[in-house]
Amino acid sequence: LSQPLCLLSASMDKTMMIWRPQEEENGIWVNEVRVGELGGNTLGFYGGLFSPNGDYILAHGYNGAFHLWSKPKNDDERWDPCPTV
């Protein structure tokens, strides 16, 4: 299984960002996608990771909650929030 090079960052501003290097920018890493929660999670995210196939992002909030997003097929820029238990 091969995935393009990317980085997932967690932030105190309640967002997770996906960064990718841009060939036309001499390899400078650019934020391509931003996911996050409005309200509720007032302390931001502690960390996150991609699923092995790259179709999900799981994040751990500072308040102890888990957050999950899924990427629809054939849409690399959209991530939909999913319920977690």
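Residues numbered from 1 in each chain as written. Predicted model: local features only at pLDDT ≥ 70, side-chain atom pairs only at ≥ 80, totals over all residues. Heavy atoms only, no water.

### Things to note about unusual backbone geometry
Logical step 1: With a phi close to 70 degrees, Lys14 is a non-glycine residue in the positive phi region.
Logical step 2: Tracing the backbone through its elements, the reader meets Lys14 in the loop between strand 1 (7–10) and strand 2 (15–22).
Logical step 3: With phi around 60 degrees, Asn74 is a residue other than glycine that occupies positive phi space.
Logical step 4: When you line up the elements, Asn74 lands in the loop between strand 6 (66–70) and strand 7 (80–82).
Logical step 5: We classify Asn74 as exposed; its relative accessible area is 85%. (Helix = DSSP H or I, 4+ residues; strand = E, 2+ residues; numbered from the N terminus. Buried < 20%, exposed > 50% of the residue type's maximum accessible area, 1.4 Å probe, protein only.)

### Here we look at the pattern of salt bridges
Logical step 1: Using the criterion set out here, one finds 4 salt bridges in the structure.
Logical step 2: Lys73 is paired through a salt bridge with Asp55; the nearest N and O atoms lie 2.9 Å apart. Taken together, the residues span a long stretch of sequence, with Lys73 in the loop between strand 6 and strand 7 and Asp55 in the loop between strand 4 (45–50) and strand 5 (56–61) at a distance of 18 residues.
Logical step 3: On the basis of relative accessible area, Lys73 is assigned to the exposed category, the value being 65%.
Logical step 4: Notably, a salt bridge pairs Asp80 with Arg78, separated by 2.8 Å at the nearest N-O pair.
Logical step 5: Its relative accessible area of 25% is what places Asp80 among the partly exposed residues. (Salt bridge = Lys/Arg side-chain N within 4 Å of Asp/Glu carboxyl O.)

### Some details on the packing of aromatic side chains
Logical step 1: Under the definition given, this model contains 3 aromatic pairs.
Logical step 2: Ring geometry for Phe50 against Trp79: centres 6.3 Å apart, planes inclined by 50 degrees, an arrangement best described as tilted. Placement of the pair is Phe50 in strand 4 and Trp79 in the loop between strand 6 and strand 7, with a sequence separation of 29 residues.
Logical step 3: You can call Phe50 partly exposed: its relative accessible area is 22%. (Phe/Tyr/Trp six-rings, centres within 6.5 Å; stacked < 30°, edge-to-face > 60°.)

### Section: the sheet that holds strand 3 (residues 28–36)
Logical step 1: Reading across the sheet, the 3 strands line up as 1-2-3 and stay open at both edges, with antiparallel pairing between neighbours. The sheet is open, and its two edges are formed by strand 1 and strand 3, each paired on a single side. Strand-to-strand, the axes of this sheet are offset by a mean angle of 30 degrees, without reference to chain direction.
Logical step 2: When strand 2 meets strand 3, the two strands line up antiparallel, connected through 8 bridges. Across the sheet, Met16 pairs through a bridge with Val35, a residue of strand 3. (Pairing = 2+ DSSP bridges. Axes fitted to C-alpha atoms, helices over the stretch in contact; angles between N-to-C directions.)

### Structural notes on the environment of Cys82
Logical step 1: The residue Cys82 is located in strand 7 in this model.
Logical step 2: For Cys82, a relative accessible area of 23% puts it in the partly exposed group.
Logical step 3: A sequence separation of 28 residues divides Cys82 from Gly54, and the C-alpha atoms of the two residues are 15 Å apart.
Logical step 4: With residues up to four places along the chain from it excluded, the contact list for Cys82 reads Leu68, Trp69 and Ser70. (Contact = heavy atoms within 4.5 Å.)

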